[in-house]
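# A closer look at the structure
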Amino acid sequence: MAVSSRDEGSAGESEPALDELLAGQVAYYRARAGEYDAWWLRQGRFDRGAATNAEWFADVAAAEAALADWLAARRPRSAVELACGTGLFTRRVAPAVEMLDAIDASPEVIARNRARLASLGIGNVTFHEADVFAWRPSRRYDLVFMSFWLSHVPRSRFAAFFATLRDALAPGGAVYIIDSAHDATSTATDHVLPERGSEVATRKLDDGSMWQVVKVFWTPDGLDAALAAIGWRSAMTQTPRYFVLGSTEPATGEVGPSTM
Ligand SMILES: C[S@@+](CC[C@H](N)C(=O)[O-])C[C@H]1O[C@@H](n2cnc3c(N)ncnc32)[C@H](O)[C@@H]1O
């Protein structure tokens, strides 16, 4: 749902309001599919000039290298990617595993992801159009991967979300997270970055339409503490400027369906 105006603030005022915000988040990414990669490539409204762009691309390389090192060390065989988007990271994870289930609510971004992987000759990915908040794993995975998704999970749904992830993990499995650090230059030149404590960001598309999404900016320490509070261990890190990243797993090692 595109909006004309709405106050920024907590996303947790009421569940109907939150459900509406999350539905709008899906609609926003469906509408953005064709222009999504401009953010990653620092094009158009995301071009911050040569010097700042260079810092961005150095952090992209650092995040990709950290993920590659982790995949090489852990060697997961099966993986699920939540909110896979246009495949900016699907193309990095898929070659390191035997099979990957890739989930997203937007058929438009899945089509782009599918085309990207086909052009790279990557054939071990099965796409699923699904709402992550309603998703329940039908099997267990060595890896649950998500890039730039956790920040779209409201704090009020954080614990329930990780309970689902626990159900999705095979013994010895782990979750790997990459997400946005709080930096004003990470977003478009005509976006105002929300305050750190806010959960709602206003976004604009190239056609001028205005949208609202959940955006929670985690720090490495803040995310470690939130995970520890629900029984997960982690040691999140940050690239010099733009990305928070790392793996997490249940502190007790207990994984798999808790309700079966
Ligand atoms: C910030 S993008 C991240 C995409 C990709 N992981 C990346 O790193 O570029 C967020 C993605 O979440 C998807 N999404 C939004 N709400 C969703 C939901 N409720 N269930 C599944 N996917 C959702 C959007 O379609 C979009 O592809």
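As shown above, the structure is provided for reference.
An account of the accompanying structure is given in this report. (Residues numbered from 1 in each chain as written. Predicted model: local features only at pLDDT ≥ 70, side-chain atom pairs only at ≥ 80, totals over all residues.)

### A word on the overall build of the protein
A tally of helices and strands in the protein yields 7 helices and 10 strands. On C-alpha atoms alone, the protein measures out to a radius of gyration of 17 Å, which is about the 18 Å that the 2.2 N^0.38 rule sets for 260 residues. Principal-axis analysis of the C-alpha atoms gives the protein an extent of 45 × 45 × 35 Å. The buried share among the 260 residues of the protein stands at 35%. (Helix = DSSP H or I, 4+ residues; strand = E, 2+ residues; numbered from the N terminus. Rg over C-alpha atoms; globule rule 2.2 N^0.38 Å. Buried ≥ 20, exposed ≤ 12 C-beta atoms within 10 Å, placed from the backbone.)

### Comments concerning the pairing of strand 5 (residues 169-180)
Here is the key point about a regular strand: its side chains alternate between the two faces of the sheet. Relative to strand 5, strand 4 (residues 141-147) is paired through 6 bridges, and the arrangement is parallel. Following the sheet pairing, F145 is matched in strand 5 by Y176. In this region the chain leaves strand 4, passes through helix 6 (residues 158-168) and returns to the parallel neighbour strand 5; the handedness of that crossover is right-handed. Two strands pair when backbone bridges link them, and strand 5 and strand 10 (residues 243-250) are joined in this way by 6 bridges, in the antiparallel orientation. Across the sheet, residue Y176 finds its bridge partner in strand 10, namely S247. (Pairing = 2+ DSSP bridges. Right-handed = clockwise from strand over helix to strand, strands pointing away.)

### Digging into the environment of L117
Its location among the elements puts L117 in helix 5 (residues 107-120). Under the C-beta neighbour-count criterion, L117 is labelled buried, with 22 such atoms within 10 Å. It is 7.5 Å that separates the C-alpha atoms of L117 and G87, two residues lying 30 residues apart in sequence. Among residues more than four places away in sequence, those in contact with L117 are G87, T90, R91, A94, I122 and V125. (Contact = placed C-beta atoms within 7 Å.)

### Observations regarding the site of the ligand
What surrounds the ligand is a group of 20 residues, the closest being Y29, A83, G85, A105 and S147. Considering each element in turn, the shell around the ligand owes the most residues, 4 residues, to helix 1 (residues 15-32). Of the residues belonging to the shell around the ligand, the class tally is 13 nonpolar, 5 polar and 2 charged. (Near = placed C-beta within 6 Å. Nonpolar A, V, L, I, M, F, W, Y, C, P; charged D, E, K, R; others polar.)

### Structural notes on the nonpolar core
Formed by 58 residues in total, the largest nonpolar core has its most connected members in A79, L143, V144 and M146. With 6 residues, the top contributor of residues to this core is strand 5. What V144 contacts, discounting residues up to four positions off in sequence, is V80, L82, L165, A168, L169 and V175. (Core = buried A, V, L, I, M, F, W, Y, C linked by C-beta atoms within 7 Å.)

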